[in-house]
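# Coordinate analysis (summary)
Listed below are the residues making up each chain.
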Amino acid sequence: MANTPQAKKRARQNESRFQVNKARRSRIRTFLRKAEEAIASGEKDAATAAVRALQPELMRGVSKGVFHKNTAARKMSRLSARVKSIA
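Residues numbered from 1 in each chain as written. Predicted model: local features only at pLDDT ≥ 70, side-chain atom pairs only at ≥ 80, totals over all residues. Heavy atoms only, no water.

### A closer look at the overall build of the protein
In terms of regular secondary structure, the protein is built from three helices and zero strands. Listed by position from the N terminus, the elements making up the protein come as α-α-α. On C-alpha atoms alone, the protein measures out to a radius of gyration of 17 Å, which is more than a quarter above the 12 Å that the 2.2 N^0.38 rule sets for 87 residues. Reported as C-alpha extents along the three principal axes, the dimensions of the protein are approximately 60 × 20 × 15 Å. Considering only residue pairs separated by 6 or more positions, the protein has 56% of its internal contacts joining residues 24 or more positions apart. Summed over all atoms, the accessible surface of the protein reaches about 6,300 Å², with 51% contributed by carbon and sulfur. The distance from the centre of the 22 positive side-chain charges to the centre of the 6 negative ones in the protein is 13 Å. (Helix = DSSP H or I, 4+ residues; strand = E, 2+ residues; numbered from the N terminus. Rg over C-alpha atoms; globule rule 2.2 N^0.38 Å. Contact = heavy atoms within 4.5 Å. Areas by Shrake-Rupley, 256 points an atom, 1.4 Å probe, with all protein chains shown as cover. Lys, Arg positive; Asp, Glu negative; His and termini not counted. Charge placed at Lys NZ, Arg CZ, Asp CG, Glu CD.)

Next comes the structure, spelled out in structure tokens:
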């Protein structure tokens, strides 16, 4: 366990950041799931709307340090390609 006051404070900060990041990650995953379901349904309009709603959430996750920039770009690219392929 942390012994110095500085180490104790870092432990508190780490726990609070963990909770915040966990909530952000969960929110982004919810948007991802909605986009996946919209693509699976085969409705192009719904899928496009879901991916458009997901994009700012993913980018916010990147700017807050929850996801790496390339991870978000890869997810967006793959989802966009799947939406495009819907007939």
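### Points about the packing of aromatic side chains
For the structure on display, the rule yields zero aromatic pairs. Here the guanidinium or amino end of Lys34 rests over the ring plane of Phe31, the centre of that ring lying 5.8 Å away. (Phe/Tyr/Trp six-rings, centres within 6.5 Å; stacked < 30°, edge-to-face > 60°. Lys NZ or Arg CZ within 6 Å of the ring centre and 35° of its normal.)

### Describing helix 3 (residues 69-84)
In this model, helix 3 (16 residues) spans 22 Å end to end at C-alpha, consistent with the 22 Å of a helix rising 1.5 Å per residue. Of the residues making up helix 3, those classed as buried are Thr71, Ala72, Met76, Leu79 and Val83. End-on view of helix 3: buried residues confined to an arc of 130 degrees, all on one side of the axis. The exposed residues of helix 3 that point more than 90 degrees off its buried face are Arg78 and Lys84. (Expected span 1.5 Å × (residues − 1). Buried < 20%, exposed > 50% of the residue type's maximum accessible area, 1.4 Å probe, protein only. Arc of directions from axis to C-beta.)

### Points about the environment of Ala47
Here Ala47 lies in helix 2 (residues 44-63). A relative accessible area of 0% means that Ala47 is categorised as buried. Expressed as a C-alpha distance, the spacing of Ala47 and Lys34, which sit 13 residues apart in the sequence, is 8.6 Å. If sequence neighbours within four positions are ignored, Ala47 has contacts with Ala38, Ile39, Val83 and Ile86.

### Looking at the pattern of salt bridges
Under the definition given, this model contains four salt bridges. Arg33 is the salt-bridge partner of Glu37, the closest N and O atoms lying 3.4 Å from each other. Taken together, the residues Glu37 and Arg33, both in helix 1 (residues 5-41) and four residues apart, mark about one turn of the helix. Arg82 serves as the salt-bridge partner of Glu36, at 2.8 Å between the closest nitrogen and oxygen. Here Glu36, found in helix 1, pairs with Arg82, found in helix 3; they are 46 residues apart in sequence, far enough to count as distant. Salt bridges sharing partners connect three or more residues here, namely Arg27, Glu57 and Arg60. (Salt bridge = Lys/Arg side-chain N within 4 Å of Asp/Glu carboxyl O.)

### Side note on helix 1
For helix 1, which comprises 37 residues, the first-to-last C-alpha distance of 54 Å matches the rise-based estimate of 54 Å (1.5 Å per residue) to within 8%. Summarising the contacts, the buried residues of helix 1 are in contact with helix 2 and helix 3. Looking one or two residues past helix 1, Gly42 carries a phi angle of roughly 85 degrees, positive in sign.

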